[in-house]
Amino acid sequence: MKVSILTENTVYKRGFLAEHGLSLLIEEKGKRFLFDTGQSRVFLHNAEKLSLKLQDLDGIILSHGHYDHCGGMEYVQELGKEIPVYVQQKAFEKKYVESSRKSGLRYIGMRDQAEWQEGEQIRKLRGGCMRIADGVYLLAEIPYTTEFEPDPKGFWREGSQEKEPELLTDRMEDEQLLIVESDKGLNVFAGCAHPGIINCLRYVQSVFSDRHIHSLVAGMHLKGCDQQRVEKTIQALRDLEIDVVVPLHCTGICAIGSMKEALGERCILAEAGKLIEL
C-alpha cells in the first residue's frame, strides 16, 4: 500500500506547500482514494510536484465537516471529472469552536451551499459501516467507550428550531474512518479522530473482530491535551500492537514527539510531500 501525503501542517522539501489541514492519496491493489482535501488547493499543487495524477480516482472520502478537511473540495473541479464523494450527512451541519479570543465562537464548517455539495456524485451517508469497494470500508458514529476520551469540549453545531437556530454540543457523529484491508491486516485512516483515537480503534476492533490492525495513519487531536492523556493514548496504542503508527496534522508536535520516543521505528514521522509504503 502506498500513501502520499498531499496536505499536512508541516513541510521540508523545496517547492512543496503546507497548511493546517490533511489530504492523503491512498493506493492499494489498483484502487486510488483521496482522503480529505485540506483547506485549499495545496493538495493539487503537491500532487503535481509528486507527478501524481488525480483524474482517475475511485473516490474521495471526507473524514468530517471541518474546513481544514473539506475546503479543498472547491478545487476538485479542476480535475475535470466527476468523482464519487463519500461524506456523512451530518458533516453539512454548521459547526463552531470556542475561540480563545473575546470573539466567542469561530465558524469551522463547510462553506454554505458550495457548488460541489449538490452534485450527483455526492454520496451522503448515514453512519454505521459501509463497504465502498473490495476491502475498503467507512465507519461512522464512533461510540465513546474509553475512560480518558470523553466527548470533545468546545465544539458546537447548529441545530434547527422553528424560529431560530439552536447551538448544540457537537459529538462529532459525522467523523468517519477509512479502513483498507491489505495482506498484513487492516489499515486505519482518521482525519482528526475528534471522538478520541482509541475510541476509534476500539470501534474498528468491534466491527472487524478477527482482523489485526496493521497501521494507523491519522490526525489524533492531541494538540493541547495534558501529558497524562498523551501517555494513556500511547500505552493503548502499544496494547493494540499496531505495527505502524503515522501521527499527522492535529496530533500536535509534543504528542508526536512522545509517540516517536515511545514507539521508536514503529512510529513514522511524515510531512507534506512524503511517500509512505505500508
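See above for the structure.
Okay, so let's go over this structure. Given the structure is predicted, the values throughout are model-derived calculations rather than measurements.

### Topic: the sheet that holds strand S10 (residues 136-140)
Right, so step 1: Taken in spatial order, the six strands line up as S9-S10-S13-S14-S15-S16 in an open sheet, and their pairing is mixed. With one partner strand each, in any of the chains shown, strand S9 (128-133) and strand S16 (244-248) form the two edges of the open sheet. For this sheet, the mean inter-axis angle between neighbouring strands, taken without regard to orientation, is 20 degrees.
Right, so step 2: Of the pairings in the sheet, the one linking strand S13 (residues 176-182) to strand S14 (residues 185-190) comprises five bridges and is antiparallel in character. Residue pairing for S14: Ser182 is matched across the bridge by Gly185.

### A closer look at the layout of surface pockets
Right, so step 1: Of the pockets and cavities examined, the largest pocket occupies roughly 760 Å³.
Right, so step 2: Taken together, 30 residues form the lining of the largest pocket, with Val97, Phe155, His194, His221 and Lys223 sitting closest to its centre.
Right, so step 3: When contributions to the lining of the largest pocket are tallied by element, the ones reaching two or more residues are helix H2 (67-70) and strand S6 (95-98).

### Observations regarding the pattern of salt bridges
Right, so step 1: As enumerated under the stated definition, the model contains 14 salt bridges in all.
Right, so step 2: Glu74 is paired through a salt bridge with Arg111; the nearest N and O atoms lie 3.1 Å apart. Here the residue Glu74 occupies a position in the loop between H2 and strand S5 (85-88), and Arg111 occupies one in the loop between strand S7 (105-107) and strand S8 (122-125), the gap between them amounting to 37 residues.
Right, so step 3: When the shortest N-O distance is used, the salt bridge between Arg211 and Glu181 registers 3.1 Å. Placement of the pair is Arg211 in the loop between helix H3 (197-207) and strand S15 (213-219) and Glu181 in strand S13, with a sequence separation of 30 residues.
Right, so step 4: In the salt-bridge network here, residues are joined through shared partners; they are Glu27, Arg32 and Asp56.

What counts, and at which threshold
Residues numbered from 1 in each chain as written. Predicted model: local features only at pLDDT ≥ 70, side-chain atom pairs only at ≥ 80, totals over all residues. Heavy atoms only, no water. Pairing = 2+ DSSP bridges. Helix = DSSP H or I, 4+ residues; strand = E, 2+ residues; numbered from the N terminus. Axes fitted to C-alpha atoms, helices over the stretch in contact; angles between N-to-C directions. 1 Å grid on protein atoms, 1.4 Å probe; cavity = no way out; pocket = protein on both sides within 12 Å on 5 of 7 lines; lining within 4 Å. Points joined across faces, edges and corners; volume = space filled by probe spheres on them. Salt bridge = Lys/Arg side-chain N within 4 Å of Asp/Glu carboxyl O.

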